[in-house]
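For reference, the chains in residue letters:
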Amino acid sequence: QVHLVESGGGLVQAGGSLRLSCAASGSGFSINAMGWYRQAPGKQREFVARINSGGSTNYRDSVKGRFTISRDSAQNTVYLQMNSLKPEDTAVYYCYVTIGPLDYWGQGTQVTVSS
């Protein structure tokens with residue numbers, strides 16, 4: 001019913017920037033929230049950022065001031081602008097959407113930050 005496609009990952013040097021995109025497709029749904037998690041090798045998946053249907057945002061402390069989450073006017077695409085990237089940001093980034101009681105997940109996109 002809901003399909004998410006992620007793009008924008010890649011390899012960047014420390015201090016550089018990347019912009020991730022996640023587009024939701026389908027019909028007959030209303031999105032309550034959209035956001036991003038990430039998972040580095042050998043570590044648990046962790047929350048990164050979220051934006052709800054009213055436009056309110058939340059960020060984990062380590063990315064505040066560097067990352068910005070946003071959505072398009074149709075509220076079907078979520079973006080993550082990542083500036084001042086650090087090696088510890090290296091991970092697979094997963095987008096999600098919340099529709100009613102359910103979460104739907106994208107396929108993941110690799111972000112690698114070299115020192």
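Structure: see above.
Just so it is clear, the model here is predicted, and its values are computed rather than measured. (Residues numbered from 1 in each chain as written. Predicted model: local features only at pLDDT ≥ 70, side-chain atom pairs only at ≥ 80, totals over all residues. Heavy atoms only, no water.)

A.B. asks: How do you make sense of the packing of aromatic side chains when you look at a structure like this?
C.D. replies: Describing an aromatic ring pair means giving the distance of the ring centres and the angle of the ring planes. Taken as a whole and judged by the stated rule, the model has four aromatic pairs. Arranged with centres 5.4 Å apart and planes meeting at 40°, the rings of Tyr96 and Trp105 form a pair that is tilted. What makes Tyr96 buried here is its relative accessible area of 6%. Taking relative accessible area as the criterion, Trp105 reaches 36% and is therefore assigned partly exposed. Put simply, the rings of Tyr37, Phe47, Tyr96 and Trp105 pair up and form one aromatic cluster. In this arrangement the basic side chain of Arg45 is found over the ring face of Trp105, its NZ or CZ atom lying 5.2 Å from the centre. (Phe/Tyr/Trp six-rings, centres within 6.5 Å; stacked < 30°, edge-to-face > 60°. Buried < 20%, exposed > 50% of the residue type's maximum accessible area, 1.4 Å probe, protein only. Lys NZ or Arg CZ within 6 Å of the ring centre and 35° of its normal.)

A.B. asks: Is there a simple way to explain the nonpolar core in this structure?
C.D. replies: Within soluble globular proteins, side chains that are nonpolar tend to cluster in buried spots. With 28 residues, the main nonpolar core has Trp36, Val48, Phe67, Leu80, Met82, Tyr93 and Val97 as its most contacted residues. Broken down by secondary-structure element, the contributors of at least two residues to this core are β1 (2-7), β3 (18-26), β4 (33-39), β5 (46-52), β7 (67-71), β8 (77-82), β9 (91-99) and β11 (109-114). Looking at which element gives the most residues to this core, the answer is β9, with five residues. Aside from chain neighbours lying at most four places away, what touches Val48 is Trp36, Tyr37, Arg38, Asn58, Tyr59, Arg60, Val63, Phe67, Leu80 and Tyr93. (Core = buried A, V, L, I, M, F, W, Y, C linked by side-chain atoms within 4.5 Å. Helix = DSSP H or I, 4+ residues; strand = E, 2+ residues; numbered from the N terminus. Contact = heavy atoms within 4.5 Å.)

A.B. asks: Please clarify how unusual backbone geometry should be interpreted in this entry.
C.D. replies: Generally, phi is negative for residues other than glycine and the peptide bonds are trans, each holding for most cases. Here Ser84, not a glycine, exhibits a phi torsion of approximately 50°, which is positive. By secondary structure assignment, the location of Ser84 is in the loop between β8 and β9. The partly exposed category is assigned to Ser84, whose relative accessible area is 40%.

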